[in-house]
Amino acid sequence: MKVEIYDALMRRQASRRDLLRGTASAAALLGLSGAMGGIAGTAFAADDLRAQILQIPGVGKGSPTDADWQKVGELCLGPTKANVKQGEFAGVELTFMGLNNQNLHNFLFRGFLKPWEAYTGAKINWIDLAQADYNARLQQSIATGTVDFDILEMGAPFEGDTAGRGLLDEMPDWAAKQVEADDLVSYLKPPVGTWDGKTYRVTIDGDCHTFAYRKDYFGEGSISGMAEPPKTWQDVNAASKALIGKTDPLTGQPAYGYLDPLKGWGGFGFYFIENRATAYAKYPGDPAWLFDPENMKPLVNNPAWVQAIQDVLDLIAAKAYPADQINADPGTTAFSQFLAGTGAMLMWWGDVGSSARTSDTSVVGDVVGFGINRGSNRVYNRKSGQWEDKYNEAPNMAYLGWGIYVTKRVSSDEKKRKAAWSAAAHLGGKDLSLWTSAYPSGFQPYRQSHFNYDEWEKAGYDRAYIKDYLGSNADSYNHPNAAIEPRIPGIFQYYSVAEDELAKGFAGQYKSAQETADAIAAAWEKITDQIGRDSQLKLYRTSLGL
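Residues numbered from 1 in each chain as written. Predicted model: local features only at pLDDT ≥ 70, side-chain atom pairs only at ≥ 80, totals over all residues. Heavy atoms only, no water.

A. Quick look at the sheet that holds strand β7 (residues 209–214). Here three strands make up an open sheet; going across it, the order is β8-β7-β9 and the pairing antiparallel. What marks the edges here is a single partner per strand, and that holds for β8 (345–349) and β9 (368–372). Strand-to-strand twist across the sheet, computed as the mean angle between neighbouring axes with direction ignored, equals 30 degrees. Strand direction decides the pairing type here: β7 and β9, joined by five bridges, are antiparallel. When the sheet's bridge partners are listed, F211 is paired in β9 with G371. (Pairing = 2+ DSSP bridges. Helix = DSSP H or I, 4+ residues; strand = E, 2+ residues; numbered from the N terminus. Axes fitted to C-alpha atoms, helices over the stretch in contact; angles between N-to-C directions.)

Here you go:
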């Protein structure tokens with residue numbers, strides 16, 4: 001994204017907030033933004049920093065703006081100042097590659113890092129990528145040896161492709177202390193963020209898919225006819241079919257049930273068929289659900305996965321989705337459909353909960369409830385080759401969270417290296433992370449300290465809502481049958497080709513769910529052979545703890 005486009009978007013965002021806050025207050029905020037480097041100190045000093053930043057802007061006061069991101073970044077500079085002298089990085093320029101999804105991720109990083117740049121003297125140059133372009137751009141850089149970025153926003157699934165190929169710089173001890181890494185929830189602690197015993201990442205996100213639903217679609221006399229929200233994927237499909245032809249109680253528009261994204265998203269869309277599949281395929285006590293840990297053969301075409309694909313095909317055949325759903329990617333289902341009042345049920349990363357209450361684009365904040373990934377009333381045992389009629393649930397730990405990584409490009413220049421890690425540590429700071437968890441950011445709660453209900457209430461959330469929302473995240477993180485993603489090289493090559501084959505299947509180009517699944521499995525076999533079956537099997541087994 002060009003800088004002038006970014007600046008235009010920021011001006012438009014500020015205009016929207018003018019309507020909410022009044023011209024005078026908005027002008028005051030913009031004045032502060034224009035005087036960056038001078039907003040710290042007296043105007044925002046307070047004993048309780050965490051309570052103070054959670055008031056920026058406060059729940060129900062509109063979406064945060066660039067001015068808000070800069071204020072939060074300025075107030076959270078304390079740990080940086082403890083490790084870096086003012087102006088210490090003068091003359092240093094760093095290139096940062098990350099996402100610009102839904103005006104989140106890199107948009108916020110710019111604001112958070114502007115006061116850091118003013119204090120340290122360093123300058124950040126930005127490479128912004130849409131979600132669908134991210135995997136291809138990263139893989140191209142790796143394959144061609146043209147890594148042109150010093151700092152990288154990346155998820156742990158790519159650690160096999162980057163750390164495993166020696167492309168990353170090891171995190172210095174002072175950075176680990178600055179971000180208070182011990183505060184992370186257990187499943188994000190090492191081996192996540194490490195490779196061969198070395199640590200490479202500052203964690204800035206959690207990532208698990210949780211279930212969000214509209215409370216006004218369920219209950220006594222509701223249009224779904226169901227007294228309770230669905231507990232299983234079988235219930236989800238039944239509710240979706242029951243809503244065909246009904247009217248949405250909130251918007252007056254046609255009612256819809258579950259919102260499957262039927263369009264790919266650069267490999268990230270595969271997580272959504274996984275949500276259905278884990279309930280059927282992740283057998284308790286067996287960590288393997290993507291590949292056979294004995295030979296790396298794909299499991300994606302076994303009866304459990306075929307059932308997940310068949311579920312979607314059934315809803316397509318019943319015309320249970322909104323028109324043109326075949327072109328709806330995951331970003332569309334969350335931000336353009338569910339939050340905007342279309343559809344009763346959604347699986348998404350946890351941040352949809354904070355967005356529902358704090359984004360200008362949300363109309364459903366008062367009627368949203370949460371839970372873990374839906375279960376199934378039967379589960380497939382891959383070892384016996386039989387279905388078993390018993391309730392099973394397996395939350396999908398999709399993506400293992402975003403992190404900030406530093407590349408080897410800076411390793412030979414100690415000043416530049418320290419600057420890169422300082423920027424990463426600022427973005428992954430404990431206090432700043434509380435704010436990103438509570439407001440639209442693209443990130444969800446991921447530290448133990450994020451689960452303090454009292455702090456969220458100070459931001460303006462009501463306790464019942466936040467217990468429901470945070471509970472869905474905590475219950476997923478701590479579930480004994482959680483489906484953990486393997487950190488193996490090429491994982492997004494597998495996901496990307498699976499998306500392509502699924503799109504063909506959903507469009508009717510394959511005769512059946514089984515044929516679609518078989519096409520994915522055949523493509524996965526080729527990838528495994530290309531990368532090296534023996535090495536993939538060894539890394540896969542290690543990732544499973546075998």
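B. Region of the structure containing empty space enclosed by the protein. In this structure the tally under the stated criterion is four cavities of 30 Å³ or more. Each pocket or cavity is described by its volume, and for the largest cavity that value is around 160 Å³. Contributing to the lining of the largest cavity are 16 residues, with H105, Q131, W348, W349 and G442 lying nearest its centre. The residue makeup of the lining of the largest cavity, split by class, is nine nonpolar, five polar and two charged. What the second largest cavity holds in volume is close to 130 Å³. Surrounding the second largest cavity, 14 residues form its lining, P261, L262, G269, L502 and F506 being those nearest its centre. Looking at the lining of the second largest cavity, the elements that each hand over two or more residues are α11 (270–281) and α19 (491–506). (1 Å grid on protein atoms, 1.4 Å probe; cavity = no way out; pocket = protein on both sides within 12 Å on 5 of 7 lines; lining within 4 Å. Points joined across faces, edges and corners; volume = space filled by probe spheres on them. Nonpolar A, V, L, I, M, F, W, Y, C, P; charged D, E, K, R; others polar.)

C. Examining the pattern of salt bridges more closely. Counting across every chain of the model gives 28 salt bridges. D128 serves as the salt-bridge partner of R110, at 2.8 Å between the closest nitrogen and oxygen. Of this pair, R110 sits in helix α6 (residues 106–120) while D128 sits in strand β2 (residues 123–129), and the two are 18 residues apart along the sequence. D128 carries the same exposure label as R110, and that label is buried. Connected through shared salt-bridge partners, K297, E525, D529 and R533 make up one network. (Salt bridge = Lys/Arg side-chain N within 4 Å of Asp/Glu carboxyl O. Buried < 20%, exposed > 50% of the residue type's maximum accessible area, 1.4 Å probe, protein only.)

D. Summary view of the packing of α11 against α19. Interhelical geometry of α11 versus α19 gives an angle of 80 degrees and a closest axis separation of 9 Å. In terms of orientation, α11 and α19 fall into the roughly perpendicular class. Where α11 abuts α19, its residues F270, Y271, I273 and E274 lie against F492, Y495, A498, E499, L502 and F506. The class makeup of the residues in the contact of α11 with α19 is eight nonpolar, no polar and two charged. (Parallel < 35°, antiparallel > 145°, perpendicular 65-115°, else oblique. Contact = heavy atoms within 4.5 Å.)

E. Region of interest: the packing of helix α20 (residues 513–531) against helix α21 (residues 533–543). With their axes 6 Å apart at the nearest point, α20 and α21 run at an angle of 100 degrees to one another. In this view, α20 runs roughly perpendicular relative to α21, as classed from their interaxial angle. Of α21, the residues touching α20 (which contributes E525, T528, D529 and I531) are R533, S535 and Q536. For the contact of α20 with α21, the residue count by class is one nonpolar, three polar and three charged.

F. Examining the packing of aromatic side chains more closely. Taken as a whole and judged by the stated rule, the model has 46 aromatic pairs. We note R357 situated over the ring of Y465; from NZ or CZ to the ring centre the distance is 3.9 Å. (Phe/Tyr/Trp six-rings, centres within 6.5 Å; stacked < 30°, edge-to-face > 60°. Lys NZ or Arg CZ within 6 Å of the ring centre and 35° of its normal.)

G. Local environment of the sheet that holds strand β13 (residues 402–406). Read from one edge of the open sheet, five strands run β2-β1-β3-β13-β6, paired in mixed fashion. Each of the sheet's edge strands pairs with one partner strand only, and the pair in question is β2 and β6 (201–203). The sheet shows a mean angle of 25 degrees between the axes of neighbouring strands, direction not considered. Relative to strand β3 (residues 151–155), strand β1 (residues 93–99) runs parallel, the two sharing two bridges. Across the sheet, residue M97 finds its bridge partner in β3, namely L152. Where α6 meets the sheet, it contacts β1, β2, β3 and β13, and its direction lies at approximately 180 degrees from that of β2.

H. Representation of α21 within the structure. Taken together, the buried positions of α21 are occupied by Q536, L537 and Y540. Down the axis of α21, the buried set is contained in an arc of 100 degrees. They therefore lie on one face. Exposed and facing more than 90 degrees away from the buried side of α21 are D534, K538 and T542. Buried residues belonging to α21 abut α19 and α20. Positive phi appears at G545, one or two residues downstream of α21, with a value of about 80 degrees. (Arc of directions from axis to C-beta.)

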